[in-house]
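Here is what each chain is made of, one letter per residue.
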Amino acid sequence: MDVKLEPSWDDLPLMANTSHILVKHYVLDLDVDFESQIFEGTIVLFFESRNRLEKQSGSTKETCRSESNEACRFSTPEPCHSPVTDTRTSSSKTGYNDFAICGKGEKDTSGKDGNHDNPEQASGISSSKYCCDTGNHGSEDFLLVLDCCDLSVFKVEEVDVAAVPGIETFTGSPQITFVSEELRNQIVHELVTLPADRWREQFDYYAHCSQAPGCGELLFDTDTWSLQIRKTGAQTATDFPHAIRIWYSTKPQGRSVTWTSDQSGRPCVYTMGSPVNNRALFPCQEPPVAMSTWQATVGAAASFVVLMSGENSAKPTQLREGRASWHYYVTMPMPASTFTIAVGSWAEMKPEICSSEDLAAERSLTPSEADFRCVGICGHMEYPCRFQNPSATTQEVIPHRVFAPVCLQGACQETLLPLVRPCLSAAHSVLGTHPFSRLDILIVPANFPSLGMASPHIIFLSQSVLIGMNHLCGTRLCHEIAHAWFGLAIGARDWTEEWLSEGFATHLEDVFWAKAQQLAPHEAWEQQELKADLRWRCLQDEVRNYPEEMQVLRPNKEKTGHVSDSGSSVIKHGLNPEKVFMQVHYLKGYFLLRFLAQRLGDDTYFAFLRKFVHTFHGQLILSQDFLQMLLENIPEEKRLDLSVENIFRDWLESSGIPQPLQTERQARAECGLARRVGAEVHKWIRVNRRPHKRKRRETEEVFEKLLPDQLVLLLEHLLEQKTLNPRTLQSLKRTYQLSQQDAEQVS
């Protein structure tokens, strides 16, 4: 079935034709220029055609995409030819260490900007029909479509992977005597399908191939949301070059990264979780189904630290005077949207005292422990999986580093650093194996638009978590750690189902934080009930203040997960600015999981959750995958009226408050912590009603000490009063030291 792309003004189009061809690996080689505020360099993409992957013949035709604001622009072709030169020895001059790519190739000096800000400079795809037809259709050339915006593309070329020394091992011949397109594609196929226990060899060859010479320029053009590439005569995805190099730079106004200054006034740049994801950082395939690995080398002034999504704790390699490069890699296939980078003058925090037990618990695994092959048990595509490594499964605390701007070192050392180990350990006790081998945590600049963001191997936290007590810091850290399992290791196949990430992380943050604090079961229950009260109030506000169509957790209903024949699709409301502030997916998802946990009982529910993680890690899911497996594990006597259809109807496909939640909230009794807040509210109401001049014998109110969440609930209640006089406000500020509280209390 074909799905026509007709995006509304606030929908995000995913243009990549992933049904025909998939990126299996990216190699980025970029320089950071703070003066011009750009990243510039190359990206090499290694492909596998879906025909080869799925052993299917033929392909389909995509209905022509239309853009309301910009038509596809192509000019008369000006052939781009490069002589095919045999430079097999050239890459041997470059030293590779831990897959590092040392130095860039020659830059294109033609001055032709493939982004075509000037229409006169179009690279020349001869007919607009190439914008519409991306598969195999008779005599027309196959068109590769990548997600791309806010980039200046200078040149696209095929990479001569056959020129890499030693590559003949992938051809079955002792030497290469004749190089053809078919041979190059066969080499790439053998490379991308190497078994997981040969990943080091595989990444070494990726690095060498990325430095191989070009063997012919490819025709390309761009429109608002995509980069389109073709090779004359390559009529199918199978015929299209399976290794290409793109020369490009970002733009200062590009929406994927933010150029700013940190809290110490030093320049920095970082990915901020933009609605357009990473397509303004590098051309890529954005649909979640395009799971790929990557390695990246980033050069910067030697005074900067480069942090990135990567399995290795990278150290700088000194280049020419005043410059250094940083190299990271990822062996677990992930959507390109999860790639994250932050470059700045970050200072690393070290624990003042580190016991031998601590070091043993979080040591990095040796190569013999880390190199293993997932065979038969896991359901994901093959990669070096920690769930099949006995040493990894028992590792409660993974190696971690904490970074921050220099001026926040003290606050980090005092508030954040002591929480990392207990929060990681708590997460392991609930869900088991950490999906990722290590973790960096960075306090990002003040313009960061949220409290936190999780990516593979790296977490960004707002400076707001460092203020006040450690409660906000702990809960937010637990929330982001939970995303390692839900959102990253297990991702949503359709991005409109955000609840599969945010609902789980919100539910799990309470569980992790209670264990990190080592609370007794009754104390943990009290705190979680109090948090539920706060979230219930917040959800009621959300459904009152946001459009009904944006309150639905599964807006595509039975079409969830469907894409066009080419693989392109749209994310409903993906560009709507209101979505940044909405919490509906967090809250309704949280209450659904809480409802299910109460139906099963916590012990049964979390035992199931560990089983679910073990079954689906490394994969993309839809809501029904979780719900069907859950219901299969519920004893008949507890299932009652629960079914996938009923949960869809009551929780996921309707706006407003779910009826089961409404019923549950009306029937429940307040927890003890909430009742104590109620008593304090009455005291403050009496204080607020007192006249300015009081009788001398009138007794002063004595206020109880409140937990952070109790204080939030108190302030929520007081805000419902018609008026609070200035004396009451001053007394509140003085009694609870509001100026020293965290963001949740003072916002």
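The model shown is predicted, which means the values in this text are computed figures rather than measured ones. (Residues numbered from 1 in each chain as written. Predicted model: local features only at pLDDT ≥ 70, side-chain atom pairs only at ≥ 80, totals over all residues. Heavy atoms only, no water.)

Q: Just checking my understanding: could you explain the overall build of the chain for this structure?
A: Per the secondary structure count, the chain includes 20 helices and 24 strands. Looking at the chain residue by residue over its 747 residues, the buried ones come to 58%. Of the contacts made within the chain by residues no fewer than 6 positions apart, 78% connect residues no fewer than 24 positions apart. Per element, the accessible surface of the chain, about 31,300 Å² overall, is 49% carbon and sulfur. (Helix = DSSP H or I, 4+ residues; strand = E, 2+ residues; numbered from the N terminus. Buried < 20%, exposed > 50% of the residue type's maximum accessible area, 1.4 Å probe, protein only. Contact = heavy atoms within 4.5 Å. Areas by Shrake-Rupley, 256 points an atom, 1.4 Å probe, with all protein chains shown as cover.)

Q: For this particular structure, what's the right way to read the packing of helix H9 (residues 499-516) against helix H12 (residues 602-616)?
A: Pairs of packed helices are described in terms of their axes, by the angle between the two and the distance that separates them. Two numbers describe how H9 lies on H12: the axes approach to 14 Å, and their chain directions differ by 125 degrees. Here H12 runs oblique to H9, going by the angle between their axes. Between H9 and H12 lies a crossing whose hand is left-handed. Note on element contacts: H12 touches H9 through Tyr605, Phe606 and Leu609, opposite Phe504, His507, Leu508 and Val511. The residue inventory of the contact of H9 with H12, partitioned by class, reads six nonpolar, one polar and no charged. (Axes fitted to C-alpha atoms, helices over the stretch in contact; angles between N-to-C directions. Parallel < 35°, antiparallel > 145°, perpendicular 65-115°, else oblique. Left-handed = near helix turned anticlockwise from the far one by under 90°. Nonpolar A, V, L, I, M, F, W, Y, C, P; charged D, E, K, R; others polar.)

Q: Can you walk me through the sheet that holds strand E10 (residues 257-261) in this structure?
A: What links the strands of a sheet is backbone hydrogen bonding, and the strands pair in either a parallel or an antiparallel sense. Taken in spatial order, the four strands make up an open sheet running E10-E11-E16-E13, and their pairing is antiparallel. The sheet terminates laterally at E10 and strand E13 (305-308), the two strands that pair on one side only. Between one strand axis and the next, the sheet turns through 15 degrees on average, direction left out of account. Note: strand E11 (residues 267-271) against strand E16 (residues 341-344), two bridges, orientation antiparallel. Note that in E16 the partner of valine 269 across the bridge is valine 343. (Pairing = 2+ DSSP bridges.)

Q: Where do I start with empty space enclosed by the protein in this structure?
A: Take a probe with the size of a water molecule and roll it over the atoms, and the empty space left behind shows itself. Taken as a whole and assessed by the stated rule, the structure comprises six cavities of 30 Å³ or more. By volume, the largest cavity amounts to about 140 Å³. If you go around the largest cavity, you meet 17 residues; those closest to its centre are Ile398, Phe436, Leu439, Ile481 and Ala484. Along the lines of polarity and charge, the residues of the lining of the largest cavity split into twelve nonpolar, three polar and two charged. (1 Å grid on protein atoms, 1.4 Å probe; cavity = no way out; pocket = protein on both sides within 12 Å on 5 of 7 lines; lining within 4 Å. Points joined across faces, edges and corners; volume = space filled by probe spheres on them.)

Q: What is the right way to read the sheet that holds strand E4 (residues 143-147) from this model?
A: Strand order in the open sheet formed by three strands is E4-E8-E7, with antiparallel pairing between adjacent strands. Across the chains shown, the open sheet's two edge strands, defined by having one partner strand only, are E4 and strand E7 (219-222). Each strand of the sheet is rotated relative to its neighbour by a mean of 20 degrees, with strand direction disregarded. With five bridges connecting them, E4 and strand E8 (residues 226-230) associate as antiparallel partners. Across the sheet, residue valine 145 finds its bridge partner in E8, namely glutamine 228.

Q: I would appreciate a short explanation of the packing of helix H10 (residues 521-545) against helix H17 (residues 672-689) in the present structure.
A: At their nearest, the axes of H10 and H17 sit 7 Å apart, and the two run at 60 degrees to each other. Put simply, H10 runs oblique to H17. Residues Glu526, Gln527, Leu530 and Asp533 of H10 lie in contact with H17, whose contacting residues are Gly672, Leu673 and Ala674.

Q: Please explain the pairing of E16 as it appears in this structure.
A: Side-chain positions along a regular strand alternate between the two faces of the sheet. Here E16 shows two buried faces, one formed by Ile341 and Val343 and the other by Ala342 and Gly344. Two strands pair when backbone bridges link them, and E13 and E16 are joined in this way by four bridges, in the antiparallel orientation. Its bridge partner lying in E16, valine 306 is registered against valine 343.

Q: I keep staring at the packing of aromatic side chains and nothing clicks. Help me out?
A: Each aromatic ring pair is summarised here by two numbers: the centre-to-centre distance and the angle between the ring planes. Tallied over the entire structure, the rule returns 32 aromatic pairs. A ring pair is formed by phenylalanine 203 and tyrosine 329, whose centres lie 6.0 Å apart and whose planes are at 70 degrees; its orientation type is edge-to-face. Remark: tyrosine 329 occurs in strand E15 (residues 323-335) and phenylalanine 203 occurs in helix H3 (residues 199-210); sequence separation between them is 126 residues. Taken individually, phenylalanine 203 and tyrosine 329 each receive the classification buried, so the pair is uniform in this respect. Aromatic pair phenylalanine 612 and phenylalanine 626: ring centres 5.2 Å apart, planes at 85 degrees, arrangement edge-to-face. (Phe/Tyr/Trp six-rings, centres within 6.5 Å; stacked < 30°, edge-to-face > 60°.)

Q: I keep staring at H3 and nothing clicks. Help me out?
A: Helical periodicity: at 3.6 residues per turn, an α-helix aligns residues three or four positions apart in one direction. Compared with an ideal rise of 1.5 Å per residue, which puts twelve residues at 16 Å, H3 spans 16 Å between its outermost C-alpha atoms and is within 8% of the ideal. Taken together, the buried positions of H3 are occupied by Trp199, Gln202, Phe203, Tyr205, Tyr206, Ala207, His208, Cys209 and Ser210. (Expected span 1.5 Å × (residues − 1).)

Q: Explain the pattern of salt bridges here, please?
A: Oppositely charged side chains can form a pair if their charged atoms are brought close together. Counted by the stated rule, this structure contains 35 salt bridges. Between glutamate 348 and lysine 350 there is a salt bridge; the shortest N-O distance is 3.3 Å. For lysine 350, a relative accessible area of 53% puts it in the exposed group. Two residues, arginine 599 and aspartate 641, come together in a salt bridge whose shortest N-O distance is 3.9 Å. Residue arginine 599 is found in helix H11 (residues 584-600), and its partner aspartate 641 is found in the loop between helix H14 (636-639) and helix H15 (644-652); the two are separated by 42 residues along the sequence. (Salt bridge = Lys/Arg side-chain N within 4 Å of Asp/Glu carboxyl O.)

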